[in-house]
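So the chains spell out like this:
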Amino acid sequence: MVKEDDPLREYRDKRDFGLTPEPLGAQGEKGDDPIFVIQKHSASRLHYDLRLEIGGVLKSWAVPKGPSTNPKDKRLAVPTEDHPIGYESFEGVIPEGQYGAGTVIAWDIGSYRNLTVKDGEQIPMELAIRHGYAAFRLEGRKLKGSYSLTRFRGGKDESWLLTKKADEYADSTRDILVAEPYSALSGRTVEEIAAEGH
Ligand code: MN
């Protein structure tokens, strides 16, 4: 078996960087606290992409219904290819015919802290993801507090659930996706970026 030693190969193979405005990107550490981003992606189907900085890349899940602040909601999260550090600030229009064609905004961005504990000890995020359960505390512009990702199906149809934990930031009284639709970086909505074309 060939060892897959370039985690960004699939990301690059799927894209023509002469046509898409998305960054080519590279592996690397971002800084002190690992970062996260949730990009709202109006593609053939609207979804939200959760990306967590783990091991020098942005581990990614497509969340069709987006995150919730209500601990009762379990949101399906389907793994997608690793994205490069730097992708977190990408907003714009991916042209027709390109992978992921549609409009992207950085709906929320910030840092996170790994809270995953196994047998009474904290384990690294890489290991947490491999084991199928990760707990983390988001410090975003919009989302704050503890969330978990739990794998409930492996193999070809690998699927996870993204859930808000009950803490002081849990809120079941409003839908944050509706209440705060704009980009955390530019203040624009996907509709505005689509209309402007970039
Ligand atoms: Mn996407």
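The structure this text deals with has already been given above.
Residues numbered from 1 in each chain as written. Predicted model: local features only at pLDDT ≥ 70, side-chain atom pairs only at ≥ 80, totals over all residues. Heavy atoms only, no water.

(A) View of the overall build of the protein. Helix and strand content of the protein: four helices and eleven strands. Computed over its C-alpha atoms, the radius of gyration of the protein comes to 16 Å, within 12% of the 16 Å expected for a compact globule of 198 residues. Based on the C-alpha atoms only, the size of the protein along its principal axes is roughly 50 × 50 × 35 Å. Taken over 198 residues, the protein has a buried fraction of 45%. (Helix = DSSP H or I, 4+ residues; strand = E, 2+ residues; numbered from the N terminus. Rg over C-alpha atoms; globule rule 2.2 N^0.38 Å. Buried < 20%, exposed > 50% of the residue type's maximum accessible area, 1.4 Å probe, protein only.)

(B) Representation of the coordination of the manganese ion. Taken together, His41 (ND1), His47 (NE2) and Asp49 (OD) make up the full set of protein donors to the manganese ion, lying 2.1 to 2.3 Å away. Sequence spacing among the residues donating to the manganese ion works out to H-x5-H-x1-D. Each member of the pair, His41 as well as Asp49, is classed as buried. (Donors = N, O, S within 2.8 Å, 3.2 Å for Na, K, Ca; no water.)

(C) Focus on the pairing of strand β9 (residues 133-140). Alignment of strand β6 (residues 102-114) against β9, held across five bridges, turns out to be antiparallel. When the bridges of β9 are listed, Asn114 appears paired with Phe136. Note that β9 and strand β10 (residues 144-153) share seven bridges and pair antiparallel. Bridging from a neighbouring strand, Glu139 pairs with Lys144 of β10. Linking β9 to β10, which pair antiparallel, is a turn of three residues. (Pairing = 2+ DSSP bridges.)

(D) Looking closely at the nonpolar core. Among the nonpolar cores identified, the biggest contains 25 residues, and Leu50, Leu52, Trp61, Tyr112, Phe136 and Leu149 are the most heavily contacted of them. Looking at this core element by element, the count peaks at four residues for strand β2 (residues 46-54). In contact with Trp61, other than residues within four places in its own chain, are Tyr48, Asp49, Leu50, Leu52, Ala77, Val78, Pro79, Thr80, Ile129, Leu149 and Trp160. By size, the runner-up hydrophobic cluster in this structure holds eight residues, among which are Leu58, Ile85, Tyr87 and Ile94. (Core = buried A, V, L, I, M, F, W, Y, C linked by side-chain atoms within 4.5 Å. Contact = heavy atoms within 4.5 Å.)

(E) Fine view of unusual backbone geometry. Although it is not a glycine, Asp119 sits at a positive phi angle of roughly 50°. As for its placement among the helices and strands, Asp119 is situated in the loop between β7 (117-118) and β8 (121-122).

(F) Highlighting the packing of aromatic side chains. In this structure the tally under the stated criterion is six aromatic pairs. Ring centres 5.9 Å apart and planes at 40° place the aromatic pair Tyr11 and Phe17 in the tilted group. Classification of Tyr11 as buried rests on a relative accessible area of 0%. Here Phe17 falls in the partly exposed class, since its relative accessible area comes to 28%. The interplanar angle of 45° and the centroid separation of 5.4 Å between the aromatic rings of Tyr87 and Phe90 together place this pair among those described as tilted. Residue Tyr87 is classed as buried on the basis of its relative accessible area, which comes to 2%. Under the relative-accessibility criterion, Phe90 is labelled buried at 6%. Through a chain of ring-to-ring contacts, the aromatic side chains of Tyr11, Phe17, Tyr87 and Phe90 assemble into a single cluster. The positively charged end of Lys142 is found above the aromatic ring belonging to Tyr182, 4.6 Å away from the centroid. Sitting over the face of the ring of Tyr147, Lys164 holds its NZ or CZ atom 4.9 Å from the ring centroid. (Phe/Tyr/Trp six-rings, centres within 6.5 Å; stacked < 30°, edge-to-face > 60°. Lys NZ or Arg CZ within 6 Å of the ring centre and 35° of its normal.)

All quantities given are derived from atomic positions and should not be read as evidence of function.
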